[in-house]
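Examining the three-dimensional arrangement
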Amino acid sequence: EDQVTQSPEALRLQEGESSSLNCSYTVSGLRGLFWYRQDPGKGPEFLFTLYSAGEEKEKERLKATLTKKESFLHITAPKPEDSATYLCAVQAESGGSYIPTFGRGTSLIVHP
Amino acid sequence: GAGVSQSPRYKVAKRGQDVALRCDPISGHVSLFWYQQALGQGPEFLTYFQNEAQLDKSGLPSDRFFAERPEGSVSTLKIQRTQQEDSAVYLCASSLDSSRETQYFGPGTRLLVL
């Protein structure tokens with residue numbers, strides 16, 4: 001069974017204080033790993049897709065990296081508007097299933 | 001429209017009532033997914049369509065839940081005889097196709113069963 005564990009559950013940062021969010025996964029062959037941002041009362045907003053170990057993607061203050069066991073979402077010099085819940089999801093290669101498995105998310109609060 | 005839309009955004013139902021939740025996917029997107037998200041949790045898969053075909057409904061929690069996409073575009077999730085445990089946010093997502101494609105989510109329908 002595919003499993004996704006995100007840590008920490010909650011993170012409070014001061015504006016400008018860089019940090020990383022972790023997504024550990026167990027899957028029988030990785031088709032893709034996805035990062036989403038979710039604001040209160042809204043649906044998840046797509047950030048990145050990573051397909052293979054060693055891959056990295058960046059967008060503004062966010063950088064996502066991938067290994068064979070985990071992914072990190074690095075936030076550099078965060079701003080209050082980066083406050084949100086960050087969700088990680090994995091899609092397995094085997095079995096023909098296209099159903100992603102989501103983690104419970106990391107709730108990030110950035111204080112001014 | 002540019003994104004996935006869902007209606008209604010909020011629904012309050014009395015226990016035992018039937019509800020219908022609508023999803024309009026991004027135009028041209030072949031795949032459509034329904035998820036249930038409880039407070040503080042990640043989205044949990046309910047069912048998946050490729051065009052009008054429902055290819056996986058393994059996540060539907062009971063036979064009170066039913067989904068359809070008759071013309072391969074708009075989809076409706078129906079919950080019969082609602083129970084309090086059905087209270088959650090119901091999210092719809094669409095993707096261009098299902099293989100390695102990013103899913104784009106709608107804003108969700110927040111269902112409260114009293």
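In this text the structure is predicted, and so the values were computed from the model without any measurement.

A few words on the sheet that holds strand β8 (residues 75-79) of chain B. All names here are of chain B. Reading across from one edge, β1-β3-β8-β7 is the order of the four strands in this open sheet, with antiparallel pairing throughout. Edge positions in the open sheet fall to β1 (5-7) and β7 (65-68), since each of these has one partner strand only. Looking at each pair of strands side by side, their axes are set apart by 15° on average, direction ignored. Of the pairings in the sheet, the one linking strand β3 (residues 19-24) to β8 comprises five bridges and is antiparallel in character. By the bridge assignment, L21 is partnered in β8 with L77.

Residues and elements named next belong to chain A. Sheet architecture is open: five strands sit in the order β1-β3-β8-β7-β6, paired in antiparallel fashion. Both edges of this open sheet fall to β1 (3-7) and β6 (56-59), since each of them pairs with a single strand only. If you compare each strand with its neighbour and ignore which way they point, the axes differ by 15° on average. Where strand β7 (residues 62-66) and strand β8 (residues 70-75) come together, five bridges link them in antiparallel fashion. Looking across to β8, one finds that A64 is bridged to L73.

The subject of this paragraph is the nonpolar core. Core analysis: the largest hydrophobic core is formed by 25 residues, its most contacted members being L33, W35, L73 and Y86 of chain A. At the level of elements, β2 (10-14), β3 (19-26), β4 (30-38), β5 (45-50), β7, β8, β9 (84-92) and β11 (106-111) of chain A are the ones that each hand at least two residues to this core. V4, A13, A67 and A88 of chain B belong to the second-largest nonpolar core, a separate cluster that totals 20 residues.

Excluding glycine, most residues fall at negative phi; most peptide bonds, likewise, are trans. Residues S7 of chain A and P8 of chain A are joined by a peptide bond in cis, for which omega reads -10°. Relative to the assigned elements, P8 of chain A resides in the loop between β1 and β2. P8 of chain B follows S7 of chain B through a cis peptide bond whose omega is -10°. One non-glycine residue, E60 of chain A, lies in the positive phi region at around 55°. Looking at where E60 of chain A falls in the secondary structure, it is placed in the loop between β6 and β7.

Here the focus is the pattern of salt bridges. Residue and element names in this part refer to chain A. Applying the stated criterion to the full structure yields seven salt bridges over all chains. Note that E56 is salt-bridged to K63, the shortest N-O span being 3.3 Å. Among the residues examined, K63 registers a relative accessible area of 27% and is labelled partly exposed.

On to the interface of chain A and chain B, then. Counting residues at the interface gives 19 residues for chain A and 23 residues for chain B. Summed over both partners, the interface of chain A with chain B buries about 1,700 Å², with 54% contributed by carbon and sulfur atoms. On inspection of chain A and its partner chain B, the count reaches zero salt bridges. Listing elements by their share of the side of chain A that touches chain B, those giving two or more residues are β4, β5 and β9 of chain A. Residue contributions to the side of chain A that touches chain B peak at four residues, all from β4 of chain A. Considering only residue class, the side of chain A that touches chain B consists of ten nonpolar, six polar and three charged.

Parameters at a glance
Residues numbered from 1 in each chain as written. Chains lettered and ligands numbered in written order. Predicted model: local features only at pLDDT ≥ 70, side-chain atom pairs only at ≥ 80, totals over all residues. Heavy atoms only, no water. Pairing = 2+ DSSP bridges. Helix = DSSP H or I, 4+ residues; strand = E, 2+ residues; numbered from the N terminus. Axes fitted to C-alpha atoms, helices over the stretch in contact; angles between N-to-C directions. Core = buried A, V, L, I, M, F, W, Y, C linked by side-chain atoms within 4.5 Å. Buried < 20%, exposed > 50% of the residue type's maximum accessible area, 1.4 Å probe, protein only. Salt bridge = Lys/Arg side-chain N within 4 Å of Asp/Glu carboxyl O. Contact = heavy atoms within 4.5 Å. Buried area = accessible area lost by both parts, 1.4 Å probe. Nonpolar A, V, L, I, M, F, W, Y, C, P; charged D, E, K, R; others polar.

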